[in-house]
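If you want the building blocks of each chain, they are given just below.
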Amino acid sequence: MSDRIATLGSVEAEAALMVRDVVKRFGLTTALDHAGLELRRGERLALLGPNGAGKTTLVRCICGRAVPDAGKIEMLGRRLPPSGGRHELGFVPQEIALYPDLTARENLEAFGRFHGLTGSKLRQAVDWALEWTGLADRAGDLTKTYSSGMKRRVNIACGVLHRPLILLLDEPTVGVDPQSRDRIFTMLDELWGQGTSILLTTHQLEEAEQQCDRIVIIDHGHAIAEGTLAELIANTVGTKRKVIFTLAEAGPKLDGMTTDGDGRELVAEVEDVALELPDLLIRIRESGARVRDLEVHPPSLHSVFIHLTGRELRE
Ligand SMILES: Nc1ncnc2c1ncn2[C@@H]1O[C@H](COP(=O)(O)OP(=O)(O)O)[C@@H](O)[C@H]1O
Ligand SMILES: [Mg+2]
């Protein structure tokens, strides 16, 4: 009994996915250059990086659609073979992959069969997916008549019909309207609430910041940082806030503050705004300068990204 519990315990402790040192070349292009990440059980992990960073290649390697040249990929503690053996995995590709001349229900039935579902299990899964996506009332319409957000929702459902433990989504909200985007995240929240581990590929800072528990930043085929937002901030830009005082006219230099904007801005870094701001304001006033405005900039994923890569995300 105790052995069994110990075994279960260790299995539970295994990561949903463990990717180590994966290399993938396309001719002279090195798409993945010793890339690695860990998707923990029950978490939502963002794989964040600019276009061309290698995100799609990495998820394609995980789901067996591309074969790495080197490296190791483990799922639930088992090393993955080059193909097959991925029943616990669901994959939603970046491109919409639906049959335009079939209805949503027919598309879902076709994908359900690919996943090995038949009979009443298939019917139940399709009914669930239509409710889950909020498309039950449009189930009989051809998907070519759908908005791009509706197509996205069906596309996602096609990868989830077999209710995988682990779900990989490659930029699932690109080109969708805000309403469908919200719906997609409500759908993903529901799966996450039921215990699904989610790897979400994105090039949008807000998505990584708001929708995920931890973030992996990938650049030039290599994961350059991994952690919660708080960990990433603490390890890179630090937890201090930047305070910018705009002066009525160019003012004096003050100890512990830098000047900017032709001398009309004073910039300070503070750990505790409430504690340190009053003293800064008093010192500026005593110097004879007048403060017209002030801004407080907390550290953000944006500043972490620039710190790590030296450039903006959308270049
Ligand atoms: N099938 C392929 N053939 C040749 N080059 C590819 C192929 N797939 C990806 N690449 C290249 O690999 C790099 C990473 O691409 P990709 O994984 O699609 O990045 P991302 O999804 O982050 O935008 C890019 O330079 C891209 O041009
Ligand atoms: Mg991509």
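Treat the numbers as computed from the prediction; the structure is a model and nothing was measured. (Residues numbered from 1 in each chain as written. Chains lettered and ligands numbered in written order. Predicted model: local features only at pLDDT ≥ 70, side-chain atom pairs only at ≥ 80, totals over all residues. Heavy atoms only, no water.)

1. Concerning the overall build of the protein chain
Then step 1. Within the protein chain, the secondary structure is distributed over 10 helices and 14 strands.
Then step 2. For the protein chain, the spread of C-alpha atoms along the principal axes amounts to about 80 × 50 × 50 Å.
Then step 3. Of all 315 residues assigned to the protein chain, the portion counted as buried reaches 45%.
Then step 4. Considering only contacts within the protein chain whose residues lie at least 6 apart along the sequence, 69% involve residues at least 24 apart. (Helix = DSSP H or I, 4+ residues; strand = E, 2+ residues; numbered from the N terminus. Buried < 20%, exposed > 50% of the residue type's maximum accessible area, 1.4 Å probe, protein only. Contact = heavy atoms within 4.5 Å.)

2. Concerning the site of ligand 1
Then step 1. Residues in close proximity to ligand 1 include Phe26, Thr29, Ala31, Pro50, Asn51, Gly52, Ala53, Gly54, Lys55, Thr56 and Thr57, which together make up its full environment.
Then step 2. Between ligand 1 and the protein, one listed contact pairs an oxygen atom with a backbone N or O atom of Ala53 at 3.1 Å.
Then step 3. Here an oxygen atom of ligand 1 and a side-chain polar atom of Lys55 are 2.8 Å apart.
Then step 4. Here ligand 1 has 560 Å² of accessible area as a free molecule, and 59% of this is covered by the chains.
Then step 5. For the shell around ligand 1, the elements supplying multiple residues, two or more each, are strand 2 (29-39) and helix 2 (55-62). (Near = heavy atom within 4 Å. Polar contact = N/O pair within 3.5 Å; in protein donor to acceptor, adjacent residues only side chain to side chain. Areas by Shrake-Rupley, 256 points an atom, 1.4 Å probe, with all protein chains shown as cover.)

3. Topic: the confidence of the model for the protein chain
Do not read the predicted coordinates in detail wherever pLDDT is low.
Then step 1. A residue-level look at the protein chain finds 96% of positions with pLDDT of 70 or above and a mean pLDDT of 92.
Then step 2. Note that residues 1-11 has pLDDT below 50 and, in this model, one contact with residues that lie over four places away or in other chains. (pLDDT = per-residue confidence, 0-100.)

4. Brief notes about helix 5 (residues 148-158)
Then step 1. Counting buried residues along helix 5, nine of its 11 residues qualify, which places the element largely inside the surrounding structure.
Then step 2. Within helix 5, the full set of buried residues consists of Gly149, Met150, Arg152, Arg153, Val154, Asn155, Ile156, Ala157 and Cys158.
Then step 3. Those residues of helix 5 that are buried are in contact with strand 6 (89-92), helix 3 (104-114), helix 4 (119-133), strand 7 (166-170) and helix 6 (178-193).

5. Re the coordination of the magnesium ion (ligand 2)
Then step 1. Taken together, the protein ligands of the magnesium ion (ligand 2) are Thr56 (OG1) and Gln94 (OE1), with distances of 2.0 to 2.4 Å. Taken together, the residues span a long stretch of sequence, with Thr56 in helix 2 and Gln94 in the loop between strand 6 and helix 3 at a distance of 38 residues.
Then step 2. Owing to a relative accessible area of 28%, Gln94 belongs among the partly exposed residues under this scheme. (Donors = N, O, S within 2.8 Å, 3.2 Å for Na, K, Ca; no water.)

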